[in-house]
Amino acid sequence: MTRVIHTGDTHIGYQQYNAPERRRDFLEAFRSVVEDAVAEDVDAVIHAGDLFHDRRPGLVDLQGTVEILRTLADAEIPFLAVVGNHEGKRDAQWLDLFADLGLATRLGAEPEIVDDVAVYGLDFVPRSRREALEYEFAPVPEAAEHATLVSHGLFEPFAHADWDTERLLEESTVEFDAVLLGDNHKPDTVDVLDTWVTYCGSTERASASEREDRGYNLVDFERDGDASVAISRRGLTDTREFVFVDVELEDGEGVDRVQERVRQHDLADAVVIVTLEGEGRPITPATIEEAAIDRGALIARVNDRRELPDEDEEVSVSFADPDAAVRERVRELGLSDAALDIDETVRNDELVDSNVRETVERRVREQLEDDAAAFVPAPEREPADEDVTTVADQLTADEATGETDATEEAVAEGETADETSTDSAATDERPPDDDTAVDAAGTDDDTKRDEPADADTASLGDFA
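What counts and what doesn't
- Residues numbered from 1 in each chain as written.
- Predicted model: local features only at pLDDT ≥ 70, side-chain atom pairs only at ≥ 80, totals over all residues.
- Heavy atoms only, no water.
- Helix = DSSP H or I, 4+ residues; strand = E, 2+ residues; numbered from the N terminus.
- Buried < 20%, exposed > 50% of the residue type's maximum accessible area, 1.4 Å probe, protein only.
- Contact = heavy atoms within 4.5 Å.
- Axes fitted to C-alpha atoms, helices over the stretch in contact; angles between N-to-C directions.
- Parallel < 35°, antiparallel > 145°, perpendicular 65-115°, else oblique.
- Left-handed = near helix turned anticlockwise from the far one by under 90°.
- Polar contact = N/O pair within 3.5 Å; in protein donor to acceptor, adjacent residues only side chain to side chain.
- Core = buried A, V, L, I, M, F, W, Y, C linked by side-chain atoms within 4.5 Å.
- Pairing = 2+ DSSP bridges.
- Nonpolar A, V, L, I, M, F, W, Y, C, P; charged D, E, K, R; others polar.
- Arc of directions from axis to C-beta.

Q: So what's going on with the environment of Asp43? Residues and values would help.
A: As for its position among the elements, Asp43 is in the loop between helix 1 (20–40) and strand 2 (44–47). Judged by relative accessible area, which is 24%, Asp43 ranks as partly exposed. When sequence neighbours within four positions are dropped, the list of residues in contact with Asp43 reads Met1, Thr2, Arg3, Ile77, Pro78, Val114 and Asp115.

Written out as structure tokens, the structure is:
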């Protein structure tokens, strides 16, 4: 029997809630998986993408990852992985660096043989490029009795899916026994066209919606002509404790009832998530959060889901339309249509602030993939030039006619994808708590712009 650990969505470097302790937690969760691999003497550790939370991981996170991977190498356990959407770069990948150091293998169309299992890989592919995908893989070697594919994305029939799993399996030149996936932070396994398709889930909670215990999969491939594949779940016991306090408030109940419920739990070093439902009186979240911190919690957050009436006196105030003024100024800047599209994304009121960064990054990538010249400045336009139309002109026209803006539809679609995950981002609300809006040029690595020096940021050259 060949046994491998299937893990993914480790999101190393994620400083959740702006807490350094949470950043360390994500690295330590990955360390726990590797320690289990050594203790169990598995045949390989397979990572299904999003090893890092960001394509520019900090130096401390890189050093910690190298140290952990060396533990695997010393135990002669191969580390096989694909590139996820959070860490993907247009040039060399961090996996390539680890491969150069002899610490990892980046999976692809050519199989990597682990005992009698041929392991293939498919990095994350943006949705705009999937229709052109040809699922061509090198033939399975005669010595292999099994074949498995490792990939990263939101595959059907799981929740929030946007990738056609049946098409992948039908058009693939290799018949796979199992497909090992990352991106959805919720573990699950289904049978699709007689092939096991499974998510391992994340190793740490990247959002408050991820209540299930964190862990990874153990995948057993039987030998001697038996084509059976067994997938089991292994939990991680040393991850940071999350305490979820759900309070259904009755009419007239308020902060005293909430604090009573919070006091029923051991909060030492925990992340405390208090969710309020029902009726009851208005509550100031800071009051509950401070009380939880005083009782030893590392972090406390209150989610008040009630729709309470606004008790403040109504004041009628009118303003000039600031969007109209901004739009007029943007037109004067001579930006390309693609840059104007990004500008509209950043200023869209319906897009959750924490999702702006990832939405803009994805939009920039898609624009550049579709047209390398997408961000070339628009043609110079005089007021009398009726034959020159920009996105700003179209936005103004749409406002006048009440039509739905195409950019807003794209943003709404992107928002839905970002709020699932996954963390991701998942399942994935995977929004970083410290994310901020970016400029119209985006934040992708291929966007060439000056950045301030960062002592905690490394590049491939630092390891040369």
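Q: So what's going on with the packing of helix 5 (residues 255–263) against helix 6 (residues 285–294)? Which residues, and what values?
A: Contact geometry of helix 5 with helix 6 gives a least axis separation of 11 Å together with a crossing angle of 25°. Between helix 5 and helix 6, the angle falls in the class roughly parallel. Classified by chirality, the crossing of helix 6 by helix 5 is right-handed. Contact residues: Val255, Val258, Gln259 and Val262 in helix 5; Thr287, Ile288 and Ala291 in helix 6.

Q: Could you give an account of the environment of Tyr135, naming the residues involved and the relevant values?
A: Turning to its location among the elements, Tyr135 is positioned in the loop between strand 6 (117–122) and strand 7 (146–152). Spatially, the C-alpha atom of Tyr135 lies 6.6 Å from that of Leu168, the residues being 33 residues apart in sequence. Tyr135 has contacts with Leu122, Trp163, Arg167, Leu168, Glu171, Ser172 and Thr173, leaving out every residue within four places of it along the chain. In terms of polar contacts, Tyr135 uses its side chain to reach the side chain of Trp163, at 3.0 Å.

Q: Which residues make up the nonpolar core, and what values do they have?
A: For soluble globular proteins, nonpolar side chains are generally found buried alongside one another. Ile5, Phe30, Val45, Leu72, Phe79 and Phe98 are the most contacted members of the largest nonpolar core, which has 29 residues in total. Counting only elements with at least two residues in this core, the list comes to helix 1, helix 2 (59–74), strand 3 (79–81), helix 3 (94–100) and strand 11 (215–221). Phe98 has contacts with Leu51, Phe52, Leu62, Thr65, Val66, Leu69, Leu103 and Ala104, leaving out every residue within four places of it along the chain.

Q: Explain the pairing of strand 10 (residues 195–199) to me, using residue names and the numbers behind them.
A: In terms of burial, strand 10 is largely enclosed, as four of its five residues are buried. Bridge count for strand 8 (residues 178–182) against strand 10 is four bridges, and the pairing is parallel. Across the sheet, the residue bridging to Val179 is Val197, located in strand 10. Pairing of strand 9 (residues 188–192) with strand 10 involves five bridges; the strand directions are antiparallel. Across the sheet, residue Val192 finds its bridge partner in strand 10, namely Thr195. The hairpin turn running from strand 9 into strand 10, its antiparallel successor, is two residues long, and Leu193 in that turn takes a positive phi close to 50°.

Q: Give a description of the packing of helix 1 against helix 2 that names residues and reports values.
A: The description of two packed helices rests on the angle between their axes and on the distance between the axes. Interhelical geometry of helix 1 versus helix 2 gives an angle of 5° and a closest axis separation of 9 Å. One way to sum up the angle between helix 1 and helix 2 is to call them roughly parallel. Taken together, the residues of helix 2 that come into contact with helix 1 (itself represented by Arg23, Leu27, Phe30, Arg31, Val34, Ala37 and Val38) are Asp61, Gly64, Thr65, Glu67, Ile68, Leu69, Thr71 and Leu72. Classifying every residue of the contact of helix 1 with helix 2 gives eight nonpolar, three polar and four charged.

Q: I'd love a proper account of helix 5, names of residues and values included.
A: Along helix 5, the residues that are buried comprise Val258, Arg261 and Val262. Each buried residue of helix 5 lies within a common arc of 100° when the element is viewed along its axis, so the set occupies one face. In the core, the buried residues of helix 5 are packed alongside strand 13 (242–249), strand 14 (271–278) and helix 6.

Q: Can you explain the sheet that holds strand 9? Please cite residues and give values.
A: One open sheet accounts for six strands, arranged 5-6-7-8-10-9; its pairing is mixed. This sheet does not close on itself; its edge strands, each paired only once, are strand 5 (112–114) and strand 9. Averaged over all adjacent pairs, the angle separating strand axes in this sheet is 25°, with direction ignored. Here three bridges tie strand 5 to strand 6, and the two strands are oriented antiparallel to one another. Pairing of Glu112 across the sheet is with Val119, part of strand 6.

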